[in-house]
Amino acid sequence: MTITKTETTNFGKLRAFLFLPRNAWILTSTSSLWSIGSAMANPYQTLYFAALGASSFDIGILVAYGTGITVFALLLGGYVADTWGRRRVIVIFSWVSAASAAIYAAINSPYLIIIPLTVASMASIYTPAFNAVMFDSIEPRDRIRGFSVFSAINTIPSVFAPTIGGLLMAHYNILDGIKIAYLASAVFGAIGISFRQKMLGETFVVKRQEEKKPFLSYIKDSFVSGINATRKSDPIVKKLLLYITLAGIGTGLTAPYASIYVVRYLKFNPIDYSVVVDLAGLTTVCLLLGVVFLIKKMGAKNGVLIASIAAPVSNVMFSQAKTMDELLEWGVTGAVGTAIQSPSLSTMQAEAIEQEHRGKILAMFSILPSLVSLPSQVAAGFLYSSIAPVVPFIVAVAPFAAGAIVLFSIRGTKEE
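Asker: I'd like to hear about the overall build of the protein, residue by residue, with values.
Answerer: Looking only at helices and strands, one finds 20 helices and 0 strands in the protein. Looking at the protein residue by residue over its 416 residues, the buried ones come to 55%. Long-range contacts, defined as pairs at least 24 residues apart, comprise 89% of the intrachain contacts of the protein with a sequence gap of at least 6. Of the roughly 18100 Å² of accessible surface on the protein, a fraction of 65% belongs to carbon and sulfur atoms.

So, in structure tokens, the structure goes:
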């Protein structure tokens, strides 16, 4: 078989398009490998809680509790990412996250859910450091393409893994099927983290502090430094934080109950729901590899704006869905928004946040939406169980729409 010059050139172009710096590629590839297991279980987490015996209202409380612990973890994580260095935080708490999946697989009572939920939420400490390494590694001129490639590769497992989870539920029943999926998440996580631990380098070396502080001082310093860094940040950062916060309210109202609503209320087979999730994943991957040029042309701000408009539209479609075709339309609409928003938002953040404060401010991008989603998750449990299952999805349209309005007020960005 002869390889033509055209084929060689095309391969070179593809390789150049998919290129990521070493640390960015290590995080991307290990996350994708880990996601093969986690994507089998994560779409069905609250369905698993229900199968263990938790009520709809209990699920809202549990998810809100997990969010509260996550807020605490992110607050601490933003500080240690800028004071301990990125690598150590990422490696240690990646192992903690993988351990939580194994604990999920082992429990057999709704009263035990709180244990893996706490462990998994505490593992969020590494999220700001992970994001900071990505921002540190990718050159400013290459961020739209780089973040698109990162998101696309990480989304690939969601094209097929949720269906594996659906097949496990159909074959073994919901409870045992998801247990096996969580076990797979722990195994793939351990493999991916082993590579991450061996190959990941440090991107931000900090000066050693001679004075050792007590643990509570880290918590206080994390909060104070995060607030101060945010207060002094670019106005664009503040508006993006407001947008993410409003979106957090909408997500808190909807995310915990999507799978339960489809499987238990609409009476769809778990495999049917997994097909919707898979199609959304496939759409996201395809678009992420194609929207790079579109976003470069229209600008990151307009990309985030388009994605923000897709959110309330997608929610309206979900609340009206009764057939498989309508669910597929909802899944694809959400995927379009995700594909456009992911690289656009990351690019805007990277342009507007100074390197020495990235850990702290990126933590705030996770903390604020988590804070507001905590009460909205409790409210969602009340609305779902006491009024009607569809109500949380209808109410969520308002904060999603408000977030889009906030983005309209952003005048421009540095990259434009």
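Read on, since the account is not over.
Asker: A description of the environment of Trp 330 should follow, citing residues and the corresponding values.
Answerer: Inspection of the secondary structure puts Trp 330 in helix α17 (residues 324-352). Residue classification places Trp 330 among the buried positions, given a relative accessible area of 17%. Along the sequence, Trp 330 and Phe 318 sit 12 residues apart, while their C-alpha atoms lie 5.6 Å from each other. If we skip the residues at most four places from it in the chain, Trp 330 touches Tyr 273, Val 276, Ser 314, Met 317 and Phe 318.

Asker: If you had to explain a nonpolar patch on the surface to someone new, which residues and values would you point to?
Answerer: A cluster of nonpolar side chains, contributed by Leu 183, Val 187, Ile 191, Phe 195 and Met 199, occupies part of the molecular surface with about 430 Å² of accessible area. Counting through the fold element by element, Ile 191 comes out in helix α10 (residues 174-199).

Asker: Give me helix α13 (residues 258-265): which residues, what numbers.
Answerer: With 6 of 8 residues buried, α13 lies mostly within the body of the structure. Listed as buried for α13 are Ala 258, Ser 259, Ile 260, Tyr 261, Val 262 and Val 263. Downstream of α13 by one or two residues, Lys 267 has phi in the positive range, about 65°.

Asker: Before we move on, can you summarise the environment of Val 276 with the specific residues and values?
Answerer: Inspection of the secondary structure assignment puts Val 276 in helix α14 (residues 270-288). Here Val 276 falls in the buried class, since its relative accessible area comes to 2%. Distance from Val 276 to Leu 327, taken between C-alpha atoms, is 6.8 Å for residues 51 residues apart in sequence. Beyond its immediate chain neighbours, meaning those up to four positions away, Val 276 contacts Met 324, Leu 327, Leu 328, Trp 330 and Gly 331.

Asker: Tell me about unusual backbone geometry, and please be specific about residues and values.
Answerer: One non-glycine residue, Asn 173, lies in the positive phi region at around 95°. Assessed through its relative accessible area of 38%, Asn 173 is described here as partly exposed. Not every positive phi belongs to a glycine, and Lys 267 is a case in point at roughly 65°. Structurally, Lys 267 can be placed in the loop between α13 and α14.

Asker: I'd like a rundown of the packing of aromatic side chains, residues and numbers included.
Answerer: Enumeration according to the criterion identifies 12 aromatic pairs in this entry. For the pair Tyr 261 and Phe 393, a centre-to-centre distance of 5.1 Å together with 55° between the ring planes defines the contact as tilted. One end of the pair, Tyr 261, is in helix α13; the other, Phe 393, is in helix α19 (residues 391-395), and 132 residues separate them in sequence. The class of Tyr 261 is buried, set by a relative accessible area of 1%. Residue classification places Phe 393 among the buried positions, given a relative accessible area of 1%. Seen from their ring centres, Phe 318 and Phe 393 are 4.6 Å apart, and the 55° between their planes marks the pair as tilted.

Asker: Run through the environment of Ile 90, naming residues and quoting values.
Answerer: In this fold, Ile 90 is placed in helix α5 (residues 86-106). It is 4.8 Å that separates the C-alpha atoms of Ile 90 and Tyr 126, two residues lying 36 residues apart in sequence. Non-local contacts of Ile 90, meaning those with residues more than four positions away in its chain, are made with Leu 27, Tyr 126, Ala 129, Phe 130, Val 133, Arg 196 and Leu 200.

Asker: For the packing of helix α9 (residues 161-172) against α10, give the residues involved together with the corresponding values.
Answerer: Taken N-terminus to C-terminus, the directions of α9 and α10 make an angle of 140°; their axes are 7 Å apart at the nearest point. The orientation of α9 with respect to α10, classified from their angle, is oblique. At the point where α9 passes α10, the crossing takes the right-handed sense. Residues Leu 168, Met 169 and Tyr 172 of α9 touch α10, and the partners they reach there are Ile 174, Asp 176, Gly 177, Ile 178, Ile 180 and Ala 181. The class makeup of the residues in the contact of α9 with α10 is 7 nonpolar, 1 polar and 1 charged.

Analysis parameters
- Residues numbered from 1 in each chain as written.
- Predicted model: local features only at pLDDT ≥ 70, side-chain atom pairs only at ≥ 80, totals over all residues.
- Heavy atoms only, no water.
- Helix = DSSP H or I, 4+ residues; strand = E, 2+ residues; numbered from the N terminus.
- Buried < 20%, exposed > 50% of the residue type's maximum accessible area, 1.4 Å probe, protein only.
- Contact = heavy atoms within 4.5 Å.
- Areas by Shrake-Rupley, 256 points an atom, 1.4 Å probe, with all protein chains shown as cover.
- Patch = residues over 30% accessible without salt bridge, like charges linked within 9 Å, V, L, I, M, F, W, Y side chains within 5 Å.
- Salt bridge = Lys/Arg side-chain N within 4 Å of Asp/Glu carboxyl O.
- Phe/Tyr/Trp six-rings, centres within 6.5 Å; stacked < 30°, edge-to-face > 60°.
- Axes fitted to C-alpha atoms, helices over the stretch in contact; angles between N-to-C directions.
- Parallel < 35°, antiparallel > 145°, perpendicular 65-115°, else oblique.
- Left-handed = near helix turned anticlockwise from the far one by under 90°.
- Nonpolar A, V, L, I, M, F, W, Y, C, P; charged D, E, K, R; others polar.

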